[in-house]
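Understanding the architecture of this molecule
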Amino acid sequence: MRPILPEAWIAADWQPPAIAFAASVAASLLLAALGRRRQAGLAAASGLLVALFLVFGVRMVTPRMLPERLPWLVLAATTLGLAGDMLGLRGAALAAVSGLAAAAGAWFMLGAPRALPDLARIAAEALPVLVAFAVPLWQLVPGRAGLTACASAAAACALLAAGLHLAGSATLFPGLALAAAAAGLGAVLAGAVLAGSGTGLAGSFALASAIAGIAVAAGLAQRAVPVWLASAAPLAGLALAPMAARLLGLGQAHPLGAALAVLGAGSPLVLLAWLGGRGG
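Description of the structure in this document. (Residues numbered from 1 in each chain as written. Predicted model: local features only at pLDDT ≥ 70, side-chain atom pairs only at ≥ 80, totals over all residues. Heavy atoms only, no water.)

1. Observations regarding the overall build of the protein
Secondary structure assignment for the protein yields 11 helices and zero strands. Secondary structure elements of the protein, listed N to C terminal, follow the sequence α-α-α-α-α-α-α-α-α-α-α. Counting across all 280 residues of the protein, residues that qualify as buried make up 51%. Within the protein, contacts between residues separated by at least 24 positions form 76% of all contacts whose residues are at least 6 apart in sequence. (Helix = DSSP H or I, 4+ residues; strand = E, 2+ residues; numbered from the N terminus. Buried < 20%, exposed > 50% of the residue type's maximum accessible area, 1.4 Å probe, protein only. Contact = heavy atoms within 4.5 Å.)

2. Concerning the packing of helix H6 (residues 123–140) against helix H10 (residues 225–248)
Put simply, H6 and H10 touch, their axes get as near as 9 Å, and they point 35° apart. The interaxial crossing formed by H6 with H10 has left-handed handedness. Only Leu235, Leu238 and Ala239 of H10 make contact with H6, whose side of the interface consists of Ala132, Val135, Pro136, Trp138, Gln139 and Leu140. Considered class by class, the residues forming the contact of H6 with H10 number eight nonpolar, one polar and no charged. (Axes fitted to C-alpha atoms, helices over the stretch in contact; angles between N-to-C directions. Left-handed = near helix turned anticlockwise from the far one by under 90°. Nonpolar A, V, L, I, M, F, W, Y, C, P; charged D, E, K, R; others polar.)

3. Comments concerning helix H4 (residues 91–109)
Over its 19 residues, H4 extends 27 Å from the first C-alpha to the last, a length consistent with the 27 Å expected when each residue adds 1.5 Å. Of the residues flanking the end of H4, it is Gly111, one or two places downstream, whose phi is positive at about 105°. (Expected span 1.5 Å × (residues − 1).)

4. Some thoughts on helix H3 (residues 70–87)
Under the 1.5 Å per step criterion, the end-to-end length of H3 is 26 Å for 18 residues, consistent within 8% with the ideal 26 Å. Looking at H3, one finds that the buried residues are Leu70, Pro71, Leu73, Val74, Ala77, Thr78, Gly81, Gly84 and Asp85. Down the axis of H3, the sector holding all buried residues measures 160°, keeping them to one side. Opposite its buried face, H3 presents the exposed residues Met86 and Leu87, each directed more than 90 degrees away. Two residues or fewer after H3 comes Gly88, characterised by a positive phi angle close to 65°. (Arc of directions from axis to C-beta.)

5. Considerations on the pattern of salt bridges
Side chains that differ in charge, positive against negative, can pair when their charged atoms come close. Scanning the model with the defined rule gives one salt bridge in all. The salt bridge involving Arg223 is made with Glu125; its shortest N-O contact spans 2.7 Å. Pair noted here: Arg223 is in the loop between helix H9 (200–221) and H10 and Glu125 is in helix H6, with a separation of 98 residues, a long-range link. (Salt bridge = Lys/Arg side-chain N within 4 Å of Asp/Glu carboxyl O.)

6. Remarks on the packing of aromatic side chains
In the structure shown here, the tally under the stated rule is one aromatic pair. Ring geometry for Phe53 and Trp72: centres 5.2 Å apart, planes at 85°, overall edge-to-face. Linking Phe53 in helix H2 (residues 41–56) with Trp72 in helix H3, this pair joins segments that are 19 residues apart in sequence. Note on Trp72: relative accessible area 31%, which makes it partly exposed. Lying over the aromatic face of Phe108, Arg69 brings its terminal NZ or CZ to 4.8 Å of the ring centre. (Phe/Tyr/Trp six-rings, centres within 6.5 Å; stacked < 30°, edge-to-face > 60°. Lys NZ or Arg CZ within 6 Å of the ring centre and 35° of its normal.)

7. A word on the packing of H2 against H9
Where H2 meets H9, the closest approach of the two axes is 7 Å, and the angle between their N-to-C directions is 40°. In terms of orientation, H2 lies oblique with respect to H9. By crossing handedness, the relation of H2 to H9 is classed as left-handed. Contacts between H2 and H9 involve Gly41, Leu42, Ala44, Ala45 and Leu48 from the former and Ala202, Gly203, Ala206, Leu207 and Ala210 from the latter. (Parallel < 35°, antiparallel > 145°, perpendicular 65-115°, else oblique.)

8. Regarding unusual backbone geometry
A positive phi angle, close to 50°, is found at Ala112, a residue other than glycine. Looking at Ala112, the relative accessible area reads 11%, which means it is buried.

9. A short note on the nonpolar core
With 84 residues, the main nonpolar core has Met109, Phe133 and Phe205 as its most contacted residues. No other element matches H9, which puts 15 residues into this core. If sequence neighbours within four positions are ignored, Phe133 has contacts with Leu73, Ala102, Gly105, Ala106, Met109, Ser209, Ala212, Gly213 and Val216. (Core = buried A, V, L, I, M, F, W, Y, C linked by side-chain atoms within 4.5 Å.)

If you want it as structure tokens, here you go:
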């Protein structure tokens, strides 16, 4: 990963997470000053977007590009979430928009094919990629109190970063996952001292798309079982978090309990990714 700041200040691999965290905290404080505490999740989206565009720059993407698509994916998801916040989407309308967002995100990360031969070529990969988008959206987008969605997303991204690193993935992908985790954590920590903070749809859509996008990009770029296990870890963590919370006696209504439930549910797949990486 190319350095953004002088490496004398901070190592290149740690720069995107540090920038995402700092930008997220700063955006949280700005939103609080503007009286927008219920949209504190937008701070996480802002921090992540700053880091992603600094890493990749502003460029047009081609079907062969995978991680380079992530800034545009998260930007589109953030914009969609902002529109949903402004329109007050709830219930069936929100579920329909989330479903369309999952399909659009999967299509985009598979190269945005338009011709029938290209669509047929991606048919085998379409279902798992669609699931990768549907699970985070299903778990994070429905209205949750406070910043639990941000905390859950940060934990899921931490699982992804750890799993990809232990699976022997290219450094870029764990670094991107860690940047997403840092952005979510920044919003949670800032929100902890700002009463009335909430994630909002902008933050939920952005973080869900980041989890799915990074997992899909890593899985498609490095077609190895340990990497696939690592990419599945955050999805399992989010989907099975309610069960893990009951087994571990955690309260998901609190950000810490929500994060620990995700970590507990997804950790077995991280362990399997590590064992697979060692075996490889």
